[in-house]
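# Structural characterization, general
Okay, here's what each chain looks like letter by letter:
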Amino acid sequence: MSRLRLLLPLFFLLCALSPGTLHAQPEAPAAANKRLFDRTVDELNFRTMETVYDKSFTRNKFPVTLRSHKARRQFDGFGANTALKKLFQNYNDASERFKNRYGKGRTDLAEFEKQLRSILLDKNFEFFIRNLPRAERVDLIRAQERVIKQASAQFNASEDAAPEDLAADGAAVPPADGEAEPPVTTPMEDPAPQPEAQVTETTPALRTADTTSAAAHDWLDYLTLLLAAASTLLLAHVVLNILPDLRARLDGLAEELEEQRPDIDRTRRHPAGALPEDRYEDEEVN
């Protein structure tokens, strides 16, 4: 009985310590890096949607609690603008698939940063923010780059292979980009910013982002074209109207001056190319 009393506290102590011991085991670097990647993707997607939403609605603000794909999927603060709601849902689903770009194949720091930066180059991202003013697009991308740098600083590179090993078996490892999902083929509606008072029902049909389209011309290009056209018209007016009229006036003025001169001057003058007068009769009389 005394032995049992001594063993019972020891048994309870082991039971109390064993869950804590298991819980205290450190997480594998690969799993921690994958979790860090997914968390960073959620943060990038949240900031993108927050910027576009706040620009589209002058009074409402995108809730700060929508940090996950599921929470953003359940959000319904678009009022009567069903097209904008559809756009956000489509981009939310497309951006969630960014998480599949990392965790298969290479998992080193270079691949970690590469796949995060590819989000900023994705055509769905470019199409989603294309109606923001240029300055706001630049500010958003710079803020996203800072988030990526912060995530890279938290990356655990303890299990990364040496650079020469990566170069040796790089051909055997399929790139993570090859397994990424194709871009969303469902067209997306234009998220043009509009005040709540002027929200109108638009077609829910969505347009595909075309990154290869020609660059839009700015006001300087149109001003240059307008000045060139005006210069051409002005030159044509001078050549066809002003110069002939000026020449006719000069000819008329010359004729008036000719008529005002004395008759003697006119008799003395010989027209250009005229032969001298015949003087034979004067010589016979003498």
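Everything below is about the structure printed above this text.
Residues numbered from 1 in each chain as written. Predicted model: local features only at pLDDT ≥ 70, side-chain atom pairs only at ≥ 80, totals over all residues. Heavy atoms only, no water.

## Let's talk about the packing of aromatic side chains
Taken as a whole and assessed by the stated rule, the structure comprises 16 aromatic pairs. Their ring planes at 70° and their centres at 5.7 Å tell us that F37 and F112 sit as a pair that is edge-to-face. Here F112 lies in helix α5 (residues 109-121) and F37 lies in helix α2 (residues 29-56), a separation of 75 residues in the sequence. Neither residue differs from the other here; F37 and F112 are each classed as buried. For the ring pair F88 and F128, a centre distance of 5.1 Å and an interplane angle of 75° mean the geometry is edge-to-face. One end of the pair, F88, is in helix α4 (residues 82-96); the other, F128, is in helix α6 (residues 123-128), with 40 residues separating them in the sequence. (Phe/Tyr/Trp six-rings, centres within 6.5 Å; stacked < 30°, edge-to-face > 60°. Helix = DSSP H or I, 4+ residues; strand = E, 2+ residues; numbered from the N terminus. Buried < 20%, exposed > 50% of the residue type's maximum accessible area, 1.4 Å probe, protein only.)

## Remarks on the environment of L132
Within the element layout of this structure, L132 appears in the loop between α6 and α7 (134-153). Relative accessible area serves as the criterion here: at 5%, L132 is assigned to the buried category. For L132 and T51, which are 81 residues apart along the polypeptide, the C-alpha to C-alpha distance reads 8.7 Å. Not counting residues within four places of it along the chain, the set of residues in contact with L132 comprises T51, V52, K55, R137 and L140. (Contact = heavy atoms within 4.5 Å.)

## Here's the deal with α4
In this model, α4 (15 residues) spans 21 Å end to end at C-alpha, consistent with the 21 Å of a helix rising 1.5 Å per residue. Looking at α4, one finds that the buried residues are A83, L84, L87, F88, Q89, N90, Y91, N92, A94 and S95. Buried-residue contacts for α4 involve α2, α3 (69-74) and α6. (Expected span 1.5 Å × (residues − 1).)

## Points about the nonpolar core
Ranked by internal contacts, the top residues of the largest apolar core, which has 32 residues, are F62, F88, F112, L116 and F128. Among the secondary structure elements, those contributing two or more residues to this core are α2, α4, α5, α6 and α7. Per-element tally for this core: the top contributor is α2, with eight residues. (Core = buried A, V, L, I, M, F, W, Y, C linked by side-chain atoms within 4.5 Å.)

## With respect to the pattern of salt bridges
Evaluated as defined, the whole model comprises twelve salt bridges. Its salt-bridge partner being D42, residue K99 comes within 3.1 Å of it at the nearest N-O pair. Remark: D42 occurs in helix α2 and K99 occurs in the loop between α4 and α5; sequence separation between them is 57 residues. By relative accessible area, D42 is classed as buried at 13%. Classification of K99 by relative accessible area gives buried; the value is 14%. (Salt bridge = Lys/Arg side-chain N within 4 Å of Asp/Glu carboxyl O.)

In short, shape yes, function no, at least from these values alone.
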